[in-house]
Structure formats: C-alpha cells, structure tokens
Amino acid sequence: MTSIGIHDLALATTHHVVDLAELAEDAGVDPAKYHIGLGQDRMSVPTADEDIVTMGAEAALPLLQRHGTDGIRTLLFATESGVDQSKSAGLFVHELLGLPRTMRVVEFKQACYGATAALQSALGFVARNPQERVLVISSDVARYELGSAGEPTQGAGAVAMLVAADPALLEIEPVSGVAARDVDDFWRPNDSTTAVVDGRLSLTAYLGALTTAWDDFTAAGGVGIEQIDRFCFHQPFTKMARKALTGLAQHTGATLTDELQEATFAYNRELGNTYTASLYAGLASLLDHDDDLAGRRIGLFSYGSGAVGEFFTGLVRPGYQQLRRRESTEAQIAGRVRLGLPAYRELHGAEHPSDTDWEAPSVTEGAFRFAGIRDRARRYEATP
Ligand code: CAA
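Please read all numbers here as calculations on a predicted model, not as lab measurements. Position numbers for residues count from 1 along each chain, tracking the sequence in the order it is written. Where totals are concerned, whole chains, interfaces and linings use all residues; where local detail is concerned, this predicted model gives features only for residues with pLDDT of at least 70, and gives and counts side-chain atom pairs only at 80 or more. Processing note: side-chain calculations cover all non-hydrogen atoms of the structure and skip hydrogens and water entirely.

What follows is about the overall build of the protein. Secondary structure elements are defined from DSSP: runs of H or I of at least 4 residues count as helices, runs of E of at least 2 residues count as strands, and each element is numbered from the N terminus. The number of helices and strands found in the protein is 11 helices and 17 strands. Each radius of gyration is computed over the set of C-alpha atoms, and the globule rule expresses the reference value as 2.2 Å times the number of residues to the power 0.38. On C-alpha atoms alone, the protein measures out to a radius of gyration of 20 Å, which is about the 21 Å that the 2.2 N^0.38 rule sets for 384 residues. Under the scheme applied here, a residue whose accessible area is under 20% of the maximum for its type counts as buried, over 50% as exposed, and between as partly exposed, the area being computed with a 1.4 Å probe on protein chains only. Of all 384 residues assigned to the protein, the portion counted as buried reaches 57%. By the convention used here, residues are in contact when the closest approach between their heavy atoms is within 4.5 Å. For the protein, the proportion of contacts with a sequence separation of at least 24, taken over those separated by at least 6, is 75%. Computed with the Shrake-Rupley method and a 1.4 Å probe, the accessible areas treat only the protein chains shown as cover for residues. As displayed, the protein offers around 15600 Å² of accessible surface, 49% of which is attributable to carbon and sulfur atoms. Charge counting follows a simple rule: Lys and Arg are positive, Asp and Glu are negative, and His as well as the terminal groups are ignored. A charged residue contributes its charge at one atom only: NZ of Lys, CZ of Arg, CG of Asp or CD of Glu. Averaging the locations of the 33 positively and 51 negatively charged side chains of the protein gives two centres separated by 3 Å.

This brings us to the site of the ligand. Any residue with a heavy atom lying within 4 Å of a molecule or strand is counted as near it. Taken together, 24 residues are adjacent to the ligand, and K33, R200, S202, K239 and K243 come closest. Between the ligand and K33, the relevant distance is 2.8 Å, taken from an oxygen atom to a side-chain nitrogen or oxygen of the residue. The contact in question runs from an oxygen atom of the ligand to an N or O atom on the side chain of N273, over 3.0 Å. In isolation the ligand has 1100 Å² of accessible area, and contact with the protein removes 74% of it. The definitions used throughout rest on a 1 Å grid laid over the protein atoms alone, on which a cavity is an enclosed set of points accommodating a 1.4 Å probe that cannot get out and a pocket is an open set flanked by protein within 12 Å on both sides along at least five of seven lines; lining residues are those having an atom within 4 Å of a point. Pocket or cavity membership: a molecule qualifies when more than half of its atoms sit within 2 Å of the grid points of that site. Spatially, the ligand is embedded in the second largest pocket. Counting only elements with at least two residues in the shell around the ligand, the list comes to α2 (31-38), α6 (199-219) and α7 (238-252). Residues were grouped as follows: Ala, Val, Leu, Ile, Met, Phe, Trp, Tyr, Cys and Pro as nonpolar; Asp, Glu, Lys and Arg as charged; and all remaining residues, including Gly, as polar. When the residues that make up the shell around the ligand are grouped by side-chain class, the tally is 11 nonpolar, eight polar and five charged. Within 3.5 Å is the distance limit for a polar contact, defined as a pair of N or O atoms, with the added protein rule that one can donate a hydrogen and the other accept it, and that residues adjacent in sequence qualify only through two side-chain atoms.

A word on the sheet that holds strand β14 (residues 337-338). At least two bridges found by DSSP between two strands are what make those strands a pair. With respect to topology, three strands assemble into an open sheet ordered β3-β2-β14, the strand pairing being mixed. Every other strand in the sheet has two partners, leaving β3 (42-45) and β14 as the edge strands with one partner each. The pairing of strand β2 (residues 16-19) with β14 spans two bridges and is classified as parallel. Looking at β14, one finds that V17 is bridged to R338. Strands β2, β3 and β14 of the sheet are contacted by helix α1 (residues 20-27), whose axis makes an angle of about 45 degrees with β2. For helices, the fitted line uses only the C-alpha atoms of the stretch in contact; every axis is such a line through C-alpha atoms, and the angle between N-to-C directions lies from 0 to 180 degrees.

Moving on, we come to helix α9 (residues 278-289). Any helix carries an expected span of 1.5 Å times its number of residues minus one. With 12 residues, α9 should cover 16 Å at 1.5 Å per step; its first-to-last C-alpha distance of 16 Å lies within 8% of that length. With 11 of 12 residues buried, α9 is to be regarded as a mostly interior element. Among all positions in α9, only S278, L279, Y280, A281, G282, L283, A284, S285, L286, L287 and D288 are buried.

The strands making up a sheet associate through backbone hydrogen bonding, with each pair oriented either parallel or antiparallel. The strand order across the open sheet built from three strands is β15-β16-β17, with neighbouring strands paired in antiparallel fashion. In the strand order of this sheet, the two ends are held by β15 (358-359) and β17 (377-382), each with one partner. Note that strand β16 (residues 368-374) and β17 share six bridges and pair antiparallel. Bridge pairing links R374 to A377 in β17. Strands in contact with helix α3 (residues 52-67) are β16 and β17; relative to β16, the strand with the most contacts, it is inclined by about 150 degrees. On the sheet, helix α4 (residues 89-96) packs against β16 and β17 and is oriented at approximately 30 degrees with respect to β17.

This paragraph deals with the pairing of strand β12 (residues 297-304). Of all eight residues in β12, eight are buried, a share of seventy percent or more. Here β12 shows a buried face lined by R297, G299, F301 and Y303 and a second buried face lined by I298, L300, S302 and G304. Pairing geometry for strand β11 (residues 230-233) and β12, over four bridges, is parallel. Counted as the bridge partner of R230 is I298 from β12. One ladder, built from eight bridges, connects β12 with strand β13 (residues 308-316); its direction is antiparallel. Bridge assignment links S302 to a residue of β13, and that residue is E310. A loop of three residues connects β12 with β13, the two strands running antiparallel in sequence, and G306 in this loop sits at a positive phi of about 125 degrees.

We now examine helix α11 (residues 341-349). Listing the buried residues of α11 in full gives L341, Y344 and H348. Summarising the axial view, the buried residues of α11 lie within an arc of 60 degrees, below the 170-degree limit, and thus occupy one face. Pointing more than 90 degrees away from the buried face of α11 are the exposed residues P342, E346 and G349. For α11, the secondary structure elements touched by its buried residues are β2, α1 and β3. Starting at the helix axis, one direction is taken to each C-beta atom, and the arc is that of these directions.

Chain-level statistics for the protein give a pLDDT mean of 97 and a share of 100% at 70 or above. The complex prediction reports pTM at 0.98, with the ipTM value standing at 0.99. Confidence scores per residue from the predictor, reported as pLDDT, run from 0 to 100.

Structure below.
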C-alpha cells in the first residue's frame, strides 16, 4: 500500500507581537499565571494589512518554491476566522501564489479541528491518485474580548502542508479515532469578531473528546499506547497539552511523562493560539527541536470546540531533517515587532465594514498584504 502523508510543512506568523508579561502587569496579574499557569510567553498580533489570507499565502510560498506546483490540483484552506461567508479564503491565496487554473479550492470549518479534516481529505485525494499532491493551509487569528480570561490565550499564525505519496516528513497511518458532540464550549456568532467561550466547559469538553477519540482509535485497531514514541496535542495554550497527557495517562493507566511532548511547545508558547494551525505548529516544533525522530511514531490529537476530536498517528520518515527550516522559522518569530498595549487595543477594536471602501495602511513586511476593501470585496496584493 502506498505511503501517504506530510511531504513538507512551513509556518508563518504576523508582523507584531505582544509580550504577555506586559499584559499581566497591566492587568495586575502575576506574570507566572501566564508563563507557568497557561504556559504562554507572547502572542502574535496581525497588523491592519495582515489576516488569515496573507499568513496562509506566506506559509505556502516556501513549499511551492521548494517543490513546484506539479500535481497540485487541490487547495484545502482550514480556518475558524474566515474573511467571507461564502468565498473560500483559499481563492485569494490561489491568486496571490499564481497557482494553476486547473484546481479545486475549498474552505473547511469546524473551529480548531478544520485542518485535520482537510488533512484527512487530502490523504483521500492522494490515495485515489498517488500522482496528485494537495496543498493544505491552516490559518487563524484567535481573538477574545479585551479583559476576558481568554485574552492571554489569543494568537495568530498559519501552517501550510504539502500532502503527497512517499512523503519526506511524516507518513500518516490509516487508523483514526474520532469523537463528536454538540457542546457550547466555544463558538463565534456570525456578528461577532471575538469568540464566546465557557472556559471551564472547554477544558472538560477537550479532555472528554480525547478519551472518546482514544477509545475509538483502540477499537478501530490502532497501536497500543506503548508503541507511541511522542505525543502532539492541540495547544490552545501549552498547559492544555500537559493536562491532555495527564488525562490520557489516567484513562489508559500508562505512565506518560512530559518528555514525550516537551519539544512540541517552543513555537506555540510564542505564537499563542493559532486555532487550526496550532496542532501543526506543535508538530513543526517537535520535528525541529527533538532528537533524531526518524522511524519514531507520533500520536496526534486534534480538537475543535463545538466539538470534534481526532486521534491519529504518523511515522517520521528517514532523512526528514533535510527538509526542516528551524533557523528561518525561529528568525521569523524573533523578528516580530513589539506592539505596546495601547496600539494593540486600538488594533483589536478596529472594524472596517464591508460596505465602505477602505485602504489598509502599509505596515507588514511579509510577502503579501491585505490592501483593503473596494466595491465591497477584499483586495490582496504582493508587497512591493
Ligand atoms: N503562578 C503559576 N500558576 C498560576 C498562577 C501563578 N501565580 N495563578 C494561576 N495559576 C494557574 C492556575 O492554577 C491554572 O492552572 P491549572 O489549570 O493547571 O490549575 C492556570 O494558571 C490558569 O488559571 P485559571 O484557571 O484561574 O485561569 P482563568 O480562569 O483566568 O482562565 C482559561 C483560563 C479558562 C483557560 C482561559 O484562558 C480561557 O477561557 N481561554 C480560552 C478557552 C480555551 O483556550 N480553552 C481550551 C480548550 S478549548 C480548545 O482547545 C479550542 C480552542 O483552541 C479555543
């Protein structure tokens, strides 16, 4: 049977960063609550001329530069923070990247889980025709109300993945465990730019989906827990992944130490929650920061509030380090420009109604920018 999985993967984030130590000081909160209690250090914040489209295109660009567009007939764009009720954000990316006209492009939505649905669909497309490759983009801006408990768990970022046969990074194994339940733990009404969240319920819903998905994985013939060498969980804040590992250990009776996931945290501590991209930013961090993982099995858990969960596994391919770009990812994260709290709050509250033409100020130094709104439509362009 053909091996199929993630052939390459790249991450992008925003121009600005807010330091959570500053946010804590301003709120009169002990900074240790954010650094240790939530496991977060900073959060990426988009400029007025950045959004899920510009980050998604930026993440996908190096993949196309390295591997070309041959065989790419499908672009699947996963997001919670969509920019249009009808048109896929992927179509803006398709144009910005000059992708072939002979393609299908579609947007996936189920909170933070969407990228895993897109990845599983991509595996299906490639299984049907191993000559095809699928571009999967996950991109999100996580926004909660100012002053809310969720505020320090905001963030922004994108991960693009090229899914192909005989992949260079991670072969995804066929068995998955899935879980779905209608629960109001986190959602975003159509007229709201910030998420509504029941924080306590969201933690138990996440952990409940994990154990249901794990039991389904086992029932479907998945490997035993002792055959999994590393774990990578969805990270709305990195402490949540620690709670997940503890929960799985209690549920299975296995001894699971934090060393089995420690290397997944480096990027997410910096980016904050990237919703759909968070699990895959964790995977990028694991591949970039752990010892040689060739031949090792990674267990991945994807969670999207509302709620859907999926547990699946992947085998790291020999030679995977040749495709990793840790230095450029770290340089991008370190190169973000600090945003003071007054400017952050102003950007957070800015609204640009779609019925008024608006020209975005030029701030981003990324490859693409949101130019503004003209004739009710969003306009994007390459930065000069
Ligand atoms: N030093 C060290 N730790 C401290 C501390 C200090 N001075 N003060 C508090 N802490 C610890 C607390 O003990 C707690 O740790 P434990 O949970 O391990 O006990 C942690 O810091 C957080 O403290 P609180 O529980 O008091 O924090 P809070 O109630 O203010 O907010 C939250 C926490 C509910 C998660 C909130 O940040 C939130 O609503 N976030 C958004 C929702 C979310 O991310 N949910 C996750 C599951 S849903 C999901 O995964 C989908 C998604 O992406 C949104």
